[in-house]
Amino acid sequence: MAPEILAGIFPAPENDMEKFVQSKYVNEVSPDTDNVMEQVVGPVDVSNVLLTMSMTDVIVNEVDMLYYGDLAIGTPGQGLTFDIDTGSADLWVPSPWCSTCTKNHYDGSQSSTYVDKGRRFAVSYGSGTVYGTTASDTVAIAGTAVQNQTFGVVYRESEDFQEYPNDGILGMAFGTIAQSRGLTVFETMMKQGKLKWPCFSVHLARSQETGSEMCWGCYDPTKATGPISWFPVSHRAYWSIPMSAFDVAGQRTTFDEVIISAIDTGTTFCYFPASIAAEIYAQIPGSKDASASYGSGFYTYPCASKVDLRFVFGDVAFLLHPDDFNLGESMYNPAECMGGIFAMDATEWPSNLAIIGDEFLKSWYSVYDYSDGGRVGFAPSVNNQ
């Protein structure tokens, strides 16, 4: 989950990224993006044209928990794995001196291009915190090298990060919120002219370890079955877009105030203010508040139901696939299943914020574009064929 409950849904302070996003490079490229991006290549031999990174799906109890990819850092490159997270903006790696880090680490002393930047570094996520210092080095993605990339070198991480196989996190939100106070890896790639377009696209596979993919500076038409629908971001901080309503079984409920929805590949499920979650489940016959059994925020519903739940962005309704909404049988009643929408306590959660995670994104090939001030696009995923 993104840092500090997505405080960046509000305007972020200016830094180098804010100046860069309005630079000549982005402004020159943006006119091409609308009309040409979907026609980058035909549906054949895309691997020879697109800069793509394969991702591994971590599956726990039949739930797609997170997706990670490989990067190499340093000269020569040290290979590590990273959770791909559009809900944060920092790249960080474990250091050899991290006693709480249980997986692979990055050793700057073994890299000829390492620079110690000496600034303290800390990121607090929805679950988990890391501490360290900043450095810069060469980062290689799918064979493309990015020079002088700033990132965090972590000497302490909380135990939340120890149960999954990835070594670190690759933040893909806007650099305005980076705790390193530098450009993100993607923004550095744009600045150094490594990309064709100022966008990246994410395909998340469903229930299979292989097949997920991130396309850097490109759009892979083999991952979609229809056109892209575009929505402007609320602020250049997180990839957050307005949600105006939801549909259940064709019945629309419009929110009293627009819900800012952070599109977050680093979060497994979908989270809403408690009042909105209650409205959603009230439209699902037989659903129940399961807080007494499982803790605050949980709901169940009849397993026999194929819930038709759609989120409305702009005037377009997007289906949350019923197989992804169903998180499995209740341990107390096999006729009841756990619902994939979680309610967040009003005392700890903004009344106008939702986090839309992988549970939804598996049905939609998502595109994150710096053009036109920033926008998010959804195209129907090949997962649903």
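Parameters and conventions
Residues numbered from 1 in each chain as written. Predicted model: local features only at pLDDT ≥ 70, side-chain atom pairs only at ≥ 80, totals over all residues. Heavy atoms only, no water. Pairing = 2+ DSSP bridges. Helix = DSSP H or I, 4+ residues; strand = E, 2+ residues; numbered from the N terminus. Buried < 20%, exposed > 50% of the residue type's maximum accessible area, 1.4 Å probe, protein only. Arc of directions from axis to C-beta. UniProt positions renumbered as here; feature names shortened; annotations may be inferred. Contact = heavy atoms within 4.5 Å. Phe/Tyr/Trp six-rings, centres within 6.5 Å; stacked < 30°, edge-to-face > 60°. Lys NZ or Arg CZ within 6 Å of the ring centre and 35° of its normal.

(A) Local environment of the sheet that holds strand E15 (residues 288–289). One open sheet holds the four strands; their spatial order is E15-E16-E20-E19, and the pairing between them is antiparallel. The sheet is open, and its two edges are formed by E15 and strand E19 (326–329), each paired on a single side. Pairing of strand E16 (residues 299–302) with strand E20 (residues 336–339) involves three bridges; the strand directions are antiparallel. From the neighbouring strand, Thr 300 faces E20, where its bridge partner is Met 338.

(B) Structural view of helix H4 (residues 274–282). When H4 is considered as a whole, its buried residues turn out to be Ile 276, Ala 277, Ile 280 and Tyr 281. Buried residues of H4 fall within an arc of 135° about the axis and therefore sit on the same side.

(C) Structural view of the pairing of strand E2 (residues 63–73). The element E2 is largely enclosed, with a buried count of nine among its 11 residues. Bridging between strand E1 (residues 52–60) and E2 involves six bridges; their strand directions are antiparallel. Residue Val 60 lies in a different strand from E2, and its bridge partner there is Val 63. Counting the residues in the hairpin turn of E1 and E2 gives two residues, including Asn 61, whose phi is positive at 50°. Note: E2 against strand E3 (residues 78–85), six bridges, orientation antiparallel. Each bridged residue has a counterpart across the sheet, and for Gly 69 the counterpart in E3 is Phe 82. In textbook terms, the turn of a hairpin is the stretch between consecutive antiparallel strands, and for E2 and E3 this stretch comprises four residues, one of which, Gly 74, has a positive phi near 100°.

(D) Quick look at the UniProt feature "active site" (unreviewed entry) in the protein chain. Per the UniProt record, "active site" (unreviewed entry) is found at Asp 85 and Asp 264. Sequence-wise these annotated residues cover 180 residues; spatially they are packed, their C-alpha atoms never more than 6.5 Å apart. Within the secondary structure, Asp 85 is located in strand E3. Among residues more than four places away in sequence, those in contact with Asp 85 are Tyr 125, Ile 169, Leu 170, Gly 171, Met 172, Ala 173, Asp 264, Thr 265 and Gly 266. Mapped onto the elements of the fold, Asp 264 is located in the loop between strand E13 (251–263) and strand E14 (270–273).

(E) A look at the packing of aromatic side chains. Per the counting criterion, the structure on display carries 35 aromatic pairs. Each ring, one from Phe 200 and one from Tyr 368, has its centre 4.9 Å from the other, and the planes form 15°; the classification is stacked. With Phe 200 in strand E9 (residues 199–203) and Tyr 368 in strand E23 (residues 364–369), this pair connects stretches of sequence that are 168 residues apart. Accessibility classification places Phe 200 together with Tyr 368 in one group, the buried group. Aromatic pair Phe 313 and Phe 318: ring centres 5.9 Å apart, planes at 50°, arrangement tilted. Here Phe 313 and Phe 318 have matching classes, each one buried. Three or more aromatic residues joined by ring pairs make a cluster, and in this case those are Phe 231, Phe 272, Phe 311, Phe 313, Phe 318, Phe 360, Trp 364 and Phe 378. Taking NZ or CZ as reference, Arg 156 lies 4.3 Å from the ring centre of Tyr 131, over its face. In this arrangement the basic side chain of Arg 375 is found over the ring face of Trp 230, its NZ or CZ atom lying 3.9 Å from the centre.

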